[in-house]
Amino acid sequence: MRETIIRAVSGLLYTSILVASILSSELIFILLFYLLSLVCLVEMQKLLRLKSYALYLLQAILFYLFSFLKFNQDATILLLFITIFVNLFLVKDLIVVKKIPVFEKKKYIIIIFYLISSTIFLTLIPTIEGVFIPKLVIGIFFLIWTNDTFAYLVGKNFGKRKLYEKISPNKTIEGFLGGLVFSLLMGYAIWYYSPLLPESMSEHSRFNTPVIWLGMAFILSIFGTLGDLIQSKFKRQAGVKDSGKLMPGHGGLFDRLDSIIFASPFVYAYLYILNYVS
């Protein structure tokens, strides 16, 4: 009971800080996610048994150039292609090989593109139309939280068939489908109720349509689950249960953000293509 209360309070505090920072201003939003990415970088280096101060400098430079300055769209798209390629390569390693090879050079590639640049694309999503739309990224967080919550609840109560037992024995196919269905329902609800909110996203965003929100829900459910499995594989190879101990009852910060970090470049690509063709 005490652990449940600690977990609930910790989760509520985490959610409140996220939503408040996103709604406050673009600068505070970017600064917060730079700090969150910094903590995740510390945790990720421990998982990969790597200690490189150069990565912290590189992270600061990339955040400054892409998240703050947004200095060059061509460079951003090039970074997006590389990030998606590396992430899909990790998906291949997740499915095909028993142990993700993490030789020295690959450790740097994984951290730079799997973690740092993926987080950068999360900060770029709310400004993809050229103006800061905080409710866009808040909606995305609600979708990933819905997926995680209902995947757990449906899996716990109705799950029988394992999704990927050797990596995550508690995940089930029924839980995954439950998370997907409820994410789609949440996507529709976000679109349906957003015109009732003050300064509604529908007033200045072409992305506030049911089809687009359902598409984002689908992408986040699929790639969010893959991101969670990939991080679970890294933890299993490192011989640890959690990536850290920062959040009582939840483990490390990377444990809370692994799904949305991995899915963010795919969501950005989806919205960029829609914005480009329209």
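Since the model is a prediction, treat every value here as computed from it, not as a measurement.

Draft legend 1. Spotlight on the overall build of the chain. When you go through the chain residue by residue, the secondary structure sums to nine helices and two strands. Overall, the chain shows an N-to-C arrangement of helices and strands of α-α-α-α-α-α-β-β-α-α-α. Out of the 278 residues belonging to the chain, those deemed buried represent 51%. Contacts spanning at least 24 positions in sequence make up 76% of the contacts within the chain whose residues lie at least 6 apart. As displayed, the chain offers around 13,800 Å² of accessible surface, 69% of which is attributable to carbon and sulfur atoms.

Draft legend 2. Structural detail: the UniProt feature "transmembrane region" (unreviewed entry) in the chain. Look at the UniProt record and you will see "transmembrane region" (unreviewed entry) annotated at residues 12-41, 53-71, 77-96, 108-126, 132-154, 175-193, 213-232 and 253-273. For residues 108-126, helix accounts for 89% and strand for 0%, while the C-alpha atoms at its two ends are 28 Å apart.

Draft legend 3. Highlighting the pattern of salt bridges. Throughout the structure, instances matching the rule amount to six salt bridges. A salt bridge links K70 to E26, with the nearest nitrogen and oxygen atoms 2.8 Å apart. Placement of K70 in the loop between helix 3 (53-69) and helix 4 (73-96) and of E26 in helix 2 (residues 26-47) is noted, with a sequence separation of 44 residues between them. The closest approach of N and O atoms between K92 and D93, which form a salt bridge, is 3.0 Å.

Draft legend 4. The arrangement of the environment of Y114 in detail. Locating Y114 in the fold gives a position in helix 5 (residues 104-124). Here Y114 falls in the buried class, since its relative accessible area comes to 1%. Measuring from C-alpha to C-alpha, the distance between Y114 and L90 comes to 8.5 Å, with 24 residues separating the pair along the chain. Excluding residues that lie within four positions of it along the chain, Y114 makes contacts with M44, N87, L90, I109, G227, I230, Q231, F234, F254, I261 and F262.

Draft legend 5. Up close: the nonpolar core. In terms of nonpolar packing, the biggest core is built from 76 residues, with M44 and F141 touching the most fellow members. Breaking this core down by element, the ones donating at least two residues are helix 1 (2-24), helix 2, helix 3, helix 4, helix 5, helix 6 (134-158), helix 8 (210-238) and helix 9 (253-277). Ignoring any residue separated from it by four or fewer positions in sequence, one finds F141 in contact with Y14, L18, I22, F33, L122, L257 and I260.

Draft legend 6. Local environment of a nonpolar patch on the surface. A surface patch of nonpolar side chains, amounting to about 570 Å² of accessible area, comprises L27, L31, Y64, F68, L69 and F71. When contributions to the nonpolar patch are tallied by element, the ones reaching two or more residues are helix 2 and helix 3. The leading source of residues in the nonpolar patch is helix 3, at three residues. Looking at where L31 falls in the secondary structure, it is placed in helix 2.

Draft legend 7. Region of interest: the packing of aromatic side chains. Per the counting criterion, the structure on display carries 21 aromatic pairs. Ring geometry for Y114 versus F234: centroids 5.9 Å apart, planes at 50°, classification tilted. With Y114 in helix 5 and F234 in helix 8, this residue pair connects regions lying 120 residues apart in the sequence. The exposure class of F234 is buried, given its relative accessible area of 2%. Relative to W145, the ring of F141 has its centre 5.4 Å away and its plane inclined at 45°; by these criteria the two rings are tilted. On the criterion of helical spacing, the pair formed by F141 and W145 is a turn pair, its members being four residues apart in helix 6. You can call W145 buried: its relative accessible area is 17%. A cation sits over an aromatic face here: K92 above F89, 4.3 Å from the ring centre.

Draft legend 8. Geometry of the packing of helix 4 against helix 8. In the contact formed by helix 4 and helix 8, the axes pass within 10 Å of each other and the chain directions differ by 65°. The crossing of helix 4 and helix 8 is left-handed. In contact with L88, L90, V91, D93 and L94 of helix 4, helix 8 contributes F223, L226, L229, I230, K233 and F234. Looking at the contact of helix 4 with helix 8 residue by residue, the class counts come to nine nonpolar, no polar and two charged.

Draft legend 9. Up close: the environment of N275. Looking at the secondary structure, you find N275 in helix 9. As for N275 and E129, which are separated by 146 residues in sequence, their C-alpha atoms are 7.3 Å apart.

What counts, and at which threshold
Residues numbered from 1 in each chain as written. Predicted model: local features only at pLDDT ≥ 70, side-chain atom pairs only at ≥ 80, totals over all residues. Heavy atoms only, no water. Helix = DSSP H or I, 4+ residues; strand = E, 2+ residues; numbered from the N terminus. Buried < 20%, exposed > 50% of the residue type's maximum accessible area, 1.4 Å probe, protein only. Contact = heavy atoms within 4.5 Å. Areas by Shrake-Rupley, 256 points an atom, 1.4 Å probe, with all protein chains shown as cover. UniProt positions renumbered as here; feature names shortened; annotations may be inferred. Salt bridge = Lys/Arg side-chain N within 4 Å of Asp/Glu carboxyl O. Core = buried A, V, L, I, M, F, W, Y, C linked by side-chain atoms within 4.5 Å. Patch = residues over 30% accessible without salt bridge, like charges linked within 9 Å, V, L, I, M, F, W, Y side chains within 5 Å. Phe/Tyr/Trp six-rings, centres within 6.5 Å; stacked < 30°, edge-to-face > 60°. Lys NZ or Arg CZ within 6 Å of the ring centre and 35° of its normal. Axes fitted to C-alpha atoms, helices over the stretch in contact; angles between N-to-C directions. Left-handed = near helix turned anticlockwise from the far one by under 90°. Nonpolar A, V, L, I, M, F, W, Y, C, P; charged D, E, K, R; others polar.

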